[in-house]
Amino acid sequence: MPSKRRGTLFFGLLCLVVALQGCGSDNSTNSGGNPGDDDPFEGYLILASFQAALTESGSFTGTVLRLDPSDPSARDCAFTVNQTEIPLVSLASTDDEAVFAKFDWGYDPGTLYTANVSVNGKSAQCSFTAPDYTWVTITAPGDDRGFTPGEAIDLVWEYDGDVPGHVYVGVSGSDGDEDVMLLEEELAGSTTHYTINADKTGEWDSYEELLITVDLGELAWPFTGELASVGSGIGIVLPGDAAILTQGADPGETNWWITAYLDQWTMDADGTSTTQVFVTIQDDFGVDCPNGTTVTFSVTPEGYAGVTPQTVTTTDGEASATVTAGTTAGEVHIVASALGVEEYAELHLNEVIHVTVSQGTHPEINWTPANAMYGMIIRQAGLSIGNVRWTIIGTIGGFHPAVVYGRVPDNAQQLYPLAGAAPIPLTIGTDYQLCLVDAVGDTTFVDFMP
């Protein structure tokens, strides 16, 4: 069974050494020799840490310390976990202290991990099943807030996952020169609130800052085998959170920050296209606004888009609504207002060109709005080769509607057919495609049958 000790994210390896000091005895295989030997083998002190909770992917680090200078260099050790090599960090290693590390580990709760360290025919092993864990978040007080000696501090936290068996609350103080542990409490995992009473904080008037931690501690497993000295082992630092309080600091008025963003930042101004607007609201310390906070949406310029509903309430600091495009092209601000502040997400509405093509072998082509165009291609549908019937490009100022097939309009020139030859008449009942290109290169495609 692993040993479990109180600790924080800041003291993982130190607590690991302390946790494992009693794991061996004079008769243990960890003792590295037989009683009565003239020169008993002391072994190597092997300390490793699986930082499962500090990064999403996890990392593994190990240190091998040579206790007897006459033994092989610690750098010569081979370190593996589940037969995967843990590389030596050459720049951080010496003959007496070798550092091994592997990042982006891919930590998997419930997996059996076996570590092996060997050198010169001797080895040590440590096996453990990776524990599952729950993330801890302190929700009150906020980080960088103030505290007053003689006034109670209400500490509140929450879990993102299953309720753990135990949780640990710690307070350390800094007077500017050194840190002192002031409080350590082990609580049932179901606890999510702890009050540091006024009598206790009244003893802390000499400390400028308090570091408050809530965490799940560490787990540690010993190495066995003749290579490992007493105290060798692997630890896993479980998740935790921390908040720093400064004596006399005035928390002042809460500053709220709104972030607004759209699922799509561009849409056609067709009066029907929709997208979602999302809002998050937090204070300076990343704490969510209270549930039920009212958020009001508006649009600038007015009428360019609609938001439904215009008023929503937050859950876990978030809210959303649906944005529907209007029929006017341009840049639009979707504005979210709450708690006396506002922010906007920018939406670009693309102009929609409505094209009509008349009947006949030489149809008339119109479009609205009647903007200048700089390219027009008419080709027969269903053909991959030889399908182009007529192509013109705009000159300075571009060309405007109406354009009659085969008749080059003002401010345009014909590219195909070559040499200004007249295009062949279109065939009644045949499918064609029209391509219109505007001044910024946006293309409108229309399928038609003359």
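Use the structure listed above.
Note that the structure is a prediction, hence the values are computed from the model and not measured. (Residues numbered from 1 in each chain as written. Predicted model: local features only at pLDDT ≥ 70, side-chain atom pairs only at ≥ 80, totals over all residues. Heavy atoms only, no water.)

Peer 1: Can you walk me through unusual backbone geometry in this structure?
Peer 2: Among all residues save glycine, negative phi is the norm, and among peptide bonds the norm is trans. Of the consecutive residues Pro401 and Ala402, the connecting peptide bond is found in the cis state with omega at -5°. Here Ala402 shows up in the loop between strand S31 (388-394) and strand S32 (403-404). Here the residue pair Tyr416 and Pro417 is connected by a cis peptide bond, since its omega of 0° sits within 30 degrees of zero. Looking at where Pro417 falls in the secondary structure, it is placed in the loop between strand S33 (412-416) and strand S34 (432-437). Positioned with a positive phi, Gln83 is a non-glycine residue whose angle comes to about 65°. At Ala419, a position not held by glycine, the phi torsion is positive, near 60°. Structurally, Ala419 is set in the loop between S33 and S34. (Helix = DSSP H or I, 4+ residues; strand = E, 2+ residues; numbered from the N terminus.)

Peer 1: Help me understand the packing of aromatic side chains in this model?
Peer 2: The relative placement of two aromatic rings is captured by the distance of their centres and the angle of their planes. Throughout the structure, instances matching the rule amount to 12 aromatic pairs. Ring geometry for Phe50 versus Tyr113: centroids 5.2 Å apart, planes at 70°, classification edge-to-face. Residue Phe50 is found in strand S2 (residues 44-50), and its partner Tyr113 is found in strand S7 (residues 112-119); the two are separated by 63 residues along the sequence. Like Phe50, the residue Tyr113 is buried in the burial classification. Ring centres 5.8 Å apart and planes at 75° place the aromatic pair Phe60 and Phe79 in the edge-to-face group. A residue pair is termed long-range when its members are at least 10 positions apart, and Phe60 in strand S3 (residues 59-66) and Phe79 in strand S4 (residues 78-81) qualify at 19 residues. By relative accessible area, Phe60 is classed as buried at 1%. Looking at Phe79, the relative accessible area reads 1%, which means it is buried. (Phe/Tyr/Trp six-rings, centres within 6.5 Å; stacked < 30°, edge-to-face > 60°. Buried < 20%, exposed > 50% of the residue type's maximum accessible area, 1.4 Å probe, protein only.)

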